[in-house]
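So the chains spell out like this:
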Amino acid sequence: MVPLNYYLILSALLFAIGVVGVLINRNAIVVFMSIEIMLNAVNLSLIAFSQFRGSPVGQVIVFLVMAVAAAEAAVGLAIILVIHRSRESINVDEVNLMKW
Amino acid sequence: MTLTIFLILALVSVLSSILVITQKNSVISALYLIVTLGSQAVLYFLLGATFIGVLQIIVYAGAIMVLFLFVIMLLNLKRDEFGPDQKKGQRVLAFLFTLFLAVEILAALKIGFSDGGTPAGAVLNPASGSPSEVARSLFIDFLYPFEIVSILLLVAILGVVVLVKKRF
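For clarity, every value in this text was computed on a predicted model and none was experimentally measured.

Draft legend 1. Quick peek at the overall build of chain A. Along the backbone of chain A there are 3 helices and 0 strands. The helix and strand sequence of chain A, counted from the amino end, reads α-α-α. Taken over the C-alpha trace, chain A has a radius of gyration of 17 Å; the compact-globule value for 100 residues is 13 Å, which it surpasses by more than 25%. A total of 100 residues make up chain A; the buried ones form 64% of that total. When contacts within chain A are restricted to residue pairs at least 6 apart in sequence, long-range pairs at least 24 apart make up 58% of them. A total accessible area of about 3,800 Å² is found for chain A, and carbon and sulfur atoms account for 70% of it.

The structure is reproduced here in structure tokens:
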């Protein structure tokens with residue numbers, strides 16, 4: 001049997017990779033993919049906890065997270081499309097209208 | 001045996017997610033993201049969470065990835081559109097701080113589980129991942145959140161239509 005710790009360490013690694021992806025990429029779509037990686041890392045630890053506890057509640061939370069991720073991806077990609085229309089670029093460094 | 005499968009899947013998901021964030025071409029990183037999501041779905045099956053595993057493949061690897069690929073193809077990005085970094089040392093700082101974050105999380109895990117892998121009293125219970133168990137919890141204890149999700153999805157659809165229809 002694989003110990004619970006292994007799943008949590010894998011989840012932490014994937015989360016860290018997602019954070020690096022958000023920080024080093026300037027392509028807005030790849031930044032979005034990194035956010036998906038982070039959401040999935042958290043889902044993995046939720047499911048590991050849920051299965052080791054013998055309760056389906058964690059999986060219901062993962063279900064809700066998936067719904068929120070789908071909505072977030074749809075709205076975020078629409079925003080990227082609109083930015084690309086007005087600026088001809090999806091470089092996140094150039095989107096600085098609200099920057100102080 | 002299970003441990004071997006777990007280690008292979010962990011390796012595949014970590015490597016493919018590193019490839020996602022390092023590719024120049026976003027279509028290729030989207031394809032590597034599918035590999036990551038698929039290997040995580042197999043990890044869910046390994047844990048016994050069959051319902052969420054199937055959902056992961058249908059929703060993430062199916063619907064969301066199709067959305068990503070459509071947007072990438074609509075935008076028709078050039079390969080070298082992004083020049084050098086605006087701020088010097090941003091990459092180094094990003095790696096440094098993320099290393100710090102990872103060490104912090106792993107240290108917290110080590111303190112939390114000082115007596116080996118699994119805490120006392122916790123056993124892997126695959127029965128709690130079956131569709132009937134999840135559905136019972138979803139439709140009895142979490143009925144209101146489940147209904148609110150439908151409103152969330154409706155609002156997301158309306159928001160997308162409004163955003164993309166107008167010309168700003």
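Draft legend 2. Region of the structure containing the packing of aromatic side chains. Applying the stated criterion to the full structure yields 6 aromatic pairs over all chains. Both rings, one in Phe139(B) and one in Phe146(B), keep their centres 5.0 Å apart while their planes meet at 80 degrees; by these two values the pair is edge-to-face. Phe139(B) sits in the partly exposed class, given a relative accessible area of 44%. Three or more aromatic residues joined by ring pairs make a cluster, and in this case those are Tyr6(A), Tyr7(A), Phe52(A) and Phe6(B).

Draft legend 3. Focus on the nonpolar core. With 61 residues, the main nonpolar core has Tyr7(A), Leu10(A), Ile29(A), Met33(A), Ile80(A), Ile52(B) and Phe68(B) as its most contacted residues. Put simply, the parts of the chain that give this core at least two residues each are helix H1 (4-24), helix H2 (28-53) and helix H3 (57-87) of chain A together with helix H1 (2-22), helix H2 (26-47), helix H3 (50-75), helix H4 (90-112) and helix H5 (131-140) of chain B. Per-element accounting of this core gives the leading share, 11 residues, to H3(A). Not counting the four nearest positions on each side in its chain, Ile29(A) is found in contact with Ile80(A), Ile90(A), Phe68(B), Val71(B), Ile72(B) and Leu75(B).

Draft legend 4. Representation of the interface of chain B and chain A within the structure. Contacts between the two partners involve 81 residues from chain B, matched on the other side by 72 residues from chain A. Buried area between chain B and chain A, both sides added, is near 7,100 Å², and the carbon and sulfur share of it is 76%. Linking chain B with chain A are 0 salt bridges, by the criterion used here. For the pair chain B and chain A, the number of links is 6 residue pairs in polar contact (both at pLDDT 80 or more).

About the criteria used
- Residues numbered from 1 in each chain as written.
- Chains lettered and ligands numbered in written order.
- Predicted model: local features only at pLDDT ≥ 70, side-chain atom pairs only at ≥ 80, totals over all residues.
- Heavy atoms only, no water.
- Helix = DSSP H or I, 4+ residues; strand = E, 2+ residues; numbered from the N terminus.
- Rg over C-alpha atoms; globule rule 2.2 N^0.38 Å.
- Buried < 20%, exposed > 50% of the residue type's maximum accessible area, 1.4 Å probe, protein only.
- Contact = heavy atoms within 4.5 Å.
- Areas by Shrake-Rupley, 256 points an atom, 1.4 Å probe, with all protein chains shown as cover.
- Phe/Tyr/Trp six-rings, centres within 6.5 Å; stacked < 30°, edge-to-face > 60°.
- Core = buried A, V, L, I, M, F, W, Y, C linked by side-chain atoms within 4.5 Å.
- Buried area = accessible area lost by both parts, 1.4 Å probe.
- Salt bridge = Lys/Arg side-chain N within 4 Å of Asp/Glu carboxyl O.
- Polar contact = N/O pair within 3.5 Å; in protein donor to acceptor, adjacent residues only side chain to side chain.

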